[in-house]
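# What the coordinates show
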Amino acid sequence: MTASDASTISRREWLLSDRPVSRLQARLGRAYVAWRRFSANRLALVGMLIIIALLVVAAFADVLAPYSPTVGNLKNARLLPPGAAHWFGTDDLGRDIYSRIVYGARWTLYVVVLVAVIAAPIGLLVGTVAGYAGGWTDAILMRITDIFLAFPKLVLALAFVAALGPGIENAVLAIAITSWPPYARIARAETLTVRNSDYIKAVQLMGASPFRIVLRHIMPLCISSLIIRVTLDMAGIILTAAGLGFLGLGAQPPLPEWGAMIASGRRFILDQWWVAAAPGAAILIVSLGFNLLGDGLRDALDPRSGDQ
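Values in this document were obtained by computation on a predicted structure and should not be read as measured data. Just so you know, the residues in each chain are numbered from 1, in the order the chain's sequence is written. Local features are withheld for residues below a pLDDT of 70 in this predicted model, meaning they are given only at 70 or higher, and side-chain atom pairs are given and counted only at 80 or more; totals for whole chains, interfaces and linings count all residues. For the side-chain quantities, the full set of heavy atoms in the structure was used; hydrogens and water were omitted.

Let's shift gears to the overall build of the protein. When its secondary structure is counted, the protein shows 12 helices and zero strands. In the protein, the order of α-helices and β-strands from amino to carboxyl end is α-α-α-α-α-α-α-α-α-α-α-α. The principal-axis extents of the C-alpha atoms in the protein amount to approximately 75 × 65 × 25 Å. Burial analysis of the protein (308 residues in total) assigns 43% to the buried set. Of the roughly 16300 Å² that the protein leaves accessible, carbon and sulfur atoms contribute 67%. Positive: Lys, Arg. Negative: Asp, Glu. His and the chain ends are not part of the count. The atoms used to mark charge sites are NZ of Lys, CZ of Arg, CG of Asp and CD of Glu. Each charge class in the protein was averaged separately, 27 positive and 19 negative side chains, and the resulting centres sit 5 Å apart. Only DSSP runs of H or I with at least four residues qualify as helices, and only runs of E with at least two residues qualify as strands; both kinds are numbered from the N terminus onward. Working definition: with a 1.4 Å probe on protein chains only, accessible area under 20% of the residue-type maximum means buried, over 50% means exposed, and in between means partly exposed. Accessible areas in this description were obtained via Shrake-Rupley with a 1.4 Å probe; residue shielding takes into account the shown protein chains only.

A few words on empty space enclosed by the protein. Any residue with an atom within 4 Å of a point lines the site, the site being either a cavity, points on a 1 Å grid over the protein atoms alone where a 1.4 Å probe fits but cannot get out, or a pocket, an open set with protein on both sides within 12 Å along at least 5 of 7 lines. Grid points are joined across faces, edges and corners, and a volume is the space filled by probe spheres set on the points. Evaluated as defined, the whole model comprises two cavities of 30 Å³ or more. In this structure, the largest cavity occupies an estimated 70 Å³ of space. Lining the largest cavity are W107, T108, V111, V112, I168, I238, A241, A242, E257 and W258. The set of elements that each furnish at least two residues to the lining of the largest cavity consists of helix 5 (97-133) and helix 10 (210-246). Top contributing element to the lining of the largest cavity by residue count: helix 5, with four residues. Of the residues assigned to the lining of the largest cavity, the class counts are eight nonpolar, one polar and one charged. Quantified by volume, the second largest cavity comes out at close to 30 Å³. Looking at the lining of the second largest cavity residue by residue, the classes come out as five nonpolar, no polar and one charged. Residue polarity is assigned by list, with Asp, Glu, Lys and Arg as charged and Ala, Val, Leu, Ile, Met, Phe, Trp, Tyr, Cys and Pro as nonpolar; anything else, Gly included, falls into the polar class.

Residue-level confidence of the predictor, termed pLDDT, takes values from 0 up to 100. Averaged over all residues, the pLDDT of the protein equals 87, while 95% of them reach at least 70. When the elements of the protein are averaged for pLDDT, helix 1 (residues 3-15) gives the smallest value, 63, and helix 3 (residues 42-59) the largest, 94.

Turning our eyes to something else, we now look at unusual backbone geometry. A cis geometry characterises the amide bond from P253 onward to P254, with omega recorded as 10°. With respect to the helices and strands, P254 occurs in the loop between helix 10 and helix 11 (258-265). In this structure, L79 takes a positive phi of about 55° despite not being glycine. Its location among the elements puts L79 in the loop between helix 4 (61-64) and helix 5. For L79, a relative accessible area of 12% puts it in the buried group.

Below, the discussion takes up the nonpolar core. Nonpolar cores were defined as sets of buried Ala, Val, Leu, Ile, Met, Phe, Trp, Tyr and Cys residues, with membership established by side-chain atoms within 4.5 Å. Counting residues in hydrophobic clusters, the biggest one holds 65 residues, and the most contacted among them are V111, W258 and F290. Two residues form a contact once any of their heavy atoms are found within 4.5 Å. Those residues in contact with W258 that lie beyond four places of it in its chain are L54, R100, I101, G104, A105, T108, P279, A282, I283 and V286. Judged by nonpolar contacts, the second largest core, of five residues, contains A61, Y98, V102 and Y103.

Each reported salt bridge corresponds to a side-chain nitrogen of Lys or Arg within 4 Å of a carboxyl oxygen of Asp or Glu. In this structure the tally under the stated criterion is nine salt bridges. A salt bridge links D91 to R100; its shortest N-O distance comes to 3.9 Å. Both residues of the pair, D91 and R100, count as buried. For D138, the salt bridge identified is with R188, shortest N-O distance 2.8 Å.

A few words now on the side chain of R100. Mapped onto the secondary structure, R100 falls in helix 5. When neighbours within four sequence positions are excluded, R100 is seen to be in contact with P69, T70, D91, R95, P254, L255, P256, W258 and M261.

Before going further, it helps to examine the packing of aromatic side chains. What counts as a ring pair is set by centres within 6.5 Å for rings of Phe, Tyr and Trp (its six-membered ring), and what kind of pair is set by the plane angle: stacked under 30 degrees, edge-to-face over 60, tilted for all other angles. Counted under the stated rule, the structure contains six aromatic pairs. Of the aromatic side chains, those joined through ring pairs into one cluster are W87, F88 and Y98. Taking NZ or CZ as reference, R266 lies 5.4 Å from the ring centre of F246, over its face. For a lysine, the NZ atom is tested; for an arginine, the CZ atom; a charge sits over a ring if that atom is within 6 Å of the ring centre and within 35 degrees of the ring normal.

Attention now goes to a nonpolar patch on the surface. A patch is a set of surface residues, each over 30% in relative accessible area and not in a salt bridge, joined within 9 Å for like charges and within 5 Å for the nonpolar side chains Val, Leu, Ile, Met, Phe, Trp and Tyr. On the surface, L49, I52, V56, F60, V63 and L64 cluster together to form a nonpolar patch covering roughly 560 Å² of accessible area. Elements that contribute at least two residues to the nonpolar patch include exactly helix 3 and helix 4. Ranked by the residues each element gives to the nonpolar patch, the list is headed by helix 3, at three residues. Relative to the assigned elements, V63 resides in helix 4.

Below, the discussion takes up helix 2 (residues 23-39). A helix is expected to span 1.5 Å for every residue after the first. Its 17 residues place the ends of helix 2 24 Å apart at the C-alpha level, agreeing with the 24 Å of an ideal helix rising 1.5 Å per residue. Considered for burial, the residues of helix 2 that qualify are Q25, G29, V33, A34, R37, F38 and S39.

Spelled out as structure tokens, the structure:
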């Protein structure tokens, strides 16, 4: 055995120690175990690579896109098929579809990140407060949650966008308003399982306020389940945003949003199929990536899973 092999084994034993001597060692050990579970799922790694590619494309869109996403050439480049000059062809205004898809990755991430930042904390707060407080507080908050869950997400989002007006910001707000109830349900269920546990009772005996107990001791326990659900919901958020864009209620022209691109290409679907097929394929691949990543995170972060 070489010195490097011995060092690797020693580090692994240190990470997997049953008796960590510091919080850092315990946290690194949990992260290492989670990574082992995640990396054992090859499809999850594929999903992670897709999402990393999406991030890279969005970050370097200015470098990767050879043409402007909004300025076309009606005279010489209208509805050209895929080729060397235009990899994914051009649309009815002579704009390069590949460049529009590359820049559209930014708007996809914009929608996904904002919806997650708005909806997840709302659901976490509502669920933990309802689960810890119980009684009439729990009843009122959960009945409000049930009202939102009673409507299909897309229909409810359409109603909110119709009231707020078309636009990418209003679409994000409408999707976020309709996305928080499942997170509240998950957070409430997690809270009910730990509300009467011994360490919560110990914190109460030490004089901690309900606000501190919820914020510092219950919410962190719900984070892993919430991350899994948010990741799995990313595909649905993308599809909802694309649906609003397709109906003209989301991103407005000339923004290169994938749903709006499909809407503009549906008129040419029989003869110039690439106009709608390219953004549709982008939505399919990114949605698949988020689903695969979410499955991997569920296996890695599930506390009931044993070490593999």
